2 protein chains.
Amino acid sequence: MKEDNNNLHRTTLRILETLELIANNPNRFTLSDISDKLQIPKSTISPILHTLVYKGFLSLTPDYHYRIGFSAYNIGTGFLHQFNYLDEIEKILSDVTNVCLEASHYAVLSGGDVLYLKKVNSPEPIRMVSFVGNKLPAYSTALGKALLLNMSVNDIKKLYPGGLKPVTEHTITDFTELREQLTKAKQEGYVYEIEESNQYIRCIAVPIHKSGKIVASISVATPVFRYDDKKEALIKALLTDAQYKIETLINTLEISYEDLIQ
Amino acid sequence: MKEDNNNLHRTTLRILETLELIANNPNRFTLSDISDKLQIPKSTISPILHTLVYKGFLSLTPDYHYRIGFSAYNIGTGFLHQFNYLDEIEKILSDVTNVCLEASHYAVLSGGDVLYLKKVNSPEPIRMVSFVGNKLPAYSTALGKALLLNMSVNDIKKLYPGGLKPVTEHTITDFTELREQLTKAKQEGYVYEIEESNQYIRCIAVPIHKSGKIVASISVATPVFRYDDKKEALIKALLTDAQYKIETLINTLEISYEDLIQ
DNA sequence: AAATTATATTCGAATATACGAACAGCAGAG
DNA sequence: CTCTGCTGTTCGTATATTCGAATATAATTT
């Protein structure tokens, strides 16, 4: 977009790619693996890995495999601490989950993805597998569609230059159909999702506004077998209540627009 | 201990120090600030910062101030994903908190510090300010003392070469006194803390064992004004129950010792 | 016990990075 | 309207990093 893709610092790229490789992969790698996968000479990556271990960003298992260390985690939490109102959000979401017994979420838009910033787990034994920090294409989730409510088809197209790729067999893949659904949702005040991002999961969401703009959204997710009209009505009532509380909270705490979005 | 403190990679150190500076400081810094504080020439740090922003580890506000970006968070969560049994732990701790209405925690030992890996917030309006990823000296908290139960005075002294520094006015600062308290706690099965790490907070903890070794601990924290004999008895019963459930869980999932400790 | 296959480290030559003074652009003060 | 102080960028030279073959060390196989 506006970044100069050239003129980047090779060593920095290598260090970050190393961290990403180790963090995003369930397998653990040795120095040779890393050298091989990232095409970095072993003698070059060696002192870098030593330093990463020394600083606690990586740790080294007795059998020469690297894994992510606490310092990396510590840096990462710095990101969430920027959203220092999240504890208050959690209280509000807990009230929702405690009544309807289903997982609730708070998310913001990050590029074209929904970024989950808070999740309150359902107390029920069968529950959704999701976690804070997850990213999913916004058009495939209720939370995400709530974040797109005010966007034109052109704005949305800009977010997904490659088109709307399906996540499940029910994911919307047509821009016009998406925009029509958003228009209906905006009129009704609720956004629905039926197994569009997770099989067997239905979801209802509402947007969170600050001075007329949508800055975030909240949702409740339910396994299809626990979903019926009565539950839907309950969830919608709870979401509207939570929506009001969160919008009030944001205004009360005078959180800047800057600090709300990512 | 075993790391070669020399022979480190200067550029890597600089990048990591930059990330730490930005992550650990509530103030936001400009390129010049970073150059100044870390004693790195501006022309040197400039391409590094560009690359960090390009990769999403930092983001740049319109007024030239850097803050932590989502990629850093993403790497950090890789650390928690190594503890992939934490969701199960959360369920068990939720049961504790839902009955006694106070915050519960799960932690491991990291050096001489307690590392909080899971926290379930109290539903009560007045509650402890703490969060996952926090580190406190082990000797100053119930959770931490539970992790030290099986250590000799010499082992403990090795963890704190600078002695036991007080966190509050009630923190234990004498090794012998600490060891005596641990012995009593081991006999009784419960570890107590009375405003030793947080003013107005009392805490009870129990250790979590795997094949005879202490690998983790759990605790319940209470504001002093909500603490009485009846609550203490309730918390102790809940902790013993949760302790059994977690130890069973760890054995059932066949989680290796390696993956439990940090 | 020798051979093989892993691991990471060493070394000097080649090269990319780092340095710091000078520069450019912008915002606010006087 | 210039000056000052802030931002980040540019440039040639100096220097530290990088490269890849060779080496060391350890574990495993034959």
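Residues numbered from 1 in each chain as written. Chains lettered and ligands numbered in written order. Predicted model: local features only at pLDDT ≥ 70, side-chain atom pairs only at ≥ 80, totals over all residues. Heavy atoms only, no water.

S.K.: Sorry, what's going on with the interface of chain B and chain A here?
M.R.: Many structure descriptions define interface size as the accessible area lost when the parts assemble. Contacts between chain B and chain A engage 58 residues on the former and 58 residues on the latter. Summing both sides of the interface, chain B and chain A together bury roughly 5,300 Å²; the carbon and sulfur share of this comes to 61%. For chain B, the biggest contributors to the area lost against chain A are Phe-70, Tyr-73 and Ile-75 of chain B; these three give 13% of the whole. Ionic pairing is found between Glu-20 of chain A and Lys-55 of chain B, a salt bridge with its closest N-O pair at 3.0 Å. In this structure, the connection of chain B to chain A is made through 6 residue pairs in polar contact (both at pLDDT 80 or more). Mapped onto the side of chain B that touches chain A, the elements with two or more residues apiece are α1 (10–24), α3 (42–54), β2 (66–68), α4 (70–81), α5 (86–100) and α10 (257–260) of chain B. Counting residues per element, the side of chain B that touches chain A draws most heavily on α4 of chain B, at 12 residues. In the side of chain B that touches chain A, the residues fall into 25 nonpolar, 20 polar and 13 charged. (Contact = heavy atoms within 4.5 Å. Buried area = accessible area lost by both parts, 1.4 Å probe. Salt bridge = Lys/Arg side-chain N within 4 Å of Asp/Glu carboxyl O. Polar contact = N/O pair within 3.5 Å; in protein donor to acceptor, adjacent residues only side chain to side chain. Helix = DSSP H or I, 4+ residues; strand = E, 2+ residues; numbered from the N terminus. Nonpolar A, V, L, I, M, F, W, Y, C, P; charged D, E, K, R; others polar.)

S.K.: How should I be thinking about the sheet that holds strand β3 (residues 103–110) of chain B in this particular structure?
M.R.: For sheets, the rule is that strands pair by backbone hydrogen bonds, running either parallel or antiparallel. Residue and element names in this part refer to chain B. The 6 strands are arranged β5-β4-β3-β8-β7-β6 in an open sheet whose pairing can be described as antiparallel. Among the strands making up the open sheet, the edge pair consists of β5 (135–137) and β6 (191–194). The sheet shows a mean angle of 30 degrees between the axes of neighbouring strands, direction not considered. Both strand β4 (residues 113–120) and β5 contribute to a ladder of 3 bridges, which runs antiparallel. Each residue of the ladder has a partner; that of Asp-113, found in β5, is Pro-137. (Pairing = 2+ DSSP bridges. Axes fitted to C-alpha atoms, helices over the stretch in contact; angles between N-to-C directions.)

S.K.: Looking at this structure, how should I read the sheet that holds strand β4 (residues 113–120) of chain A?
M.R.: All names here are of chain A. Pairing is antiparallel across the open sheet formed by 6 strands, whose spatial order is β5-β4-β3-β8-β7-β6. Among the strands making up the open sheet, the edge pair consists of β5 (135–137) and β6 (191–194). If you compare each strand with its neighbour and ignore which way they point, the axes differ by 30 degrees on average. Packing of helix α5 (residues 86–100) onto the sheet brings it into contact with β3 (103–110), β4 and β8 (213–223), and relative to β4 it is tilted by some 70 degrees.

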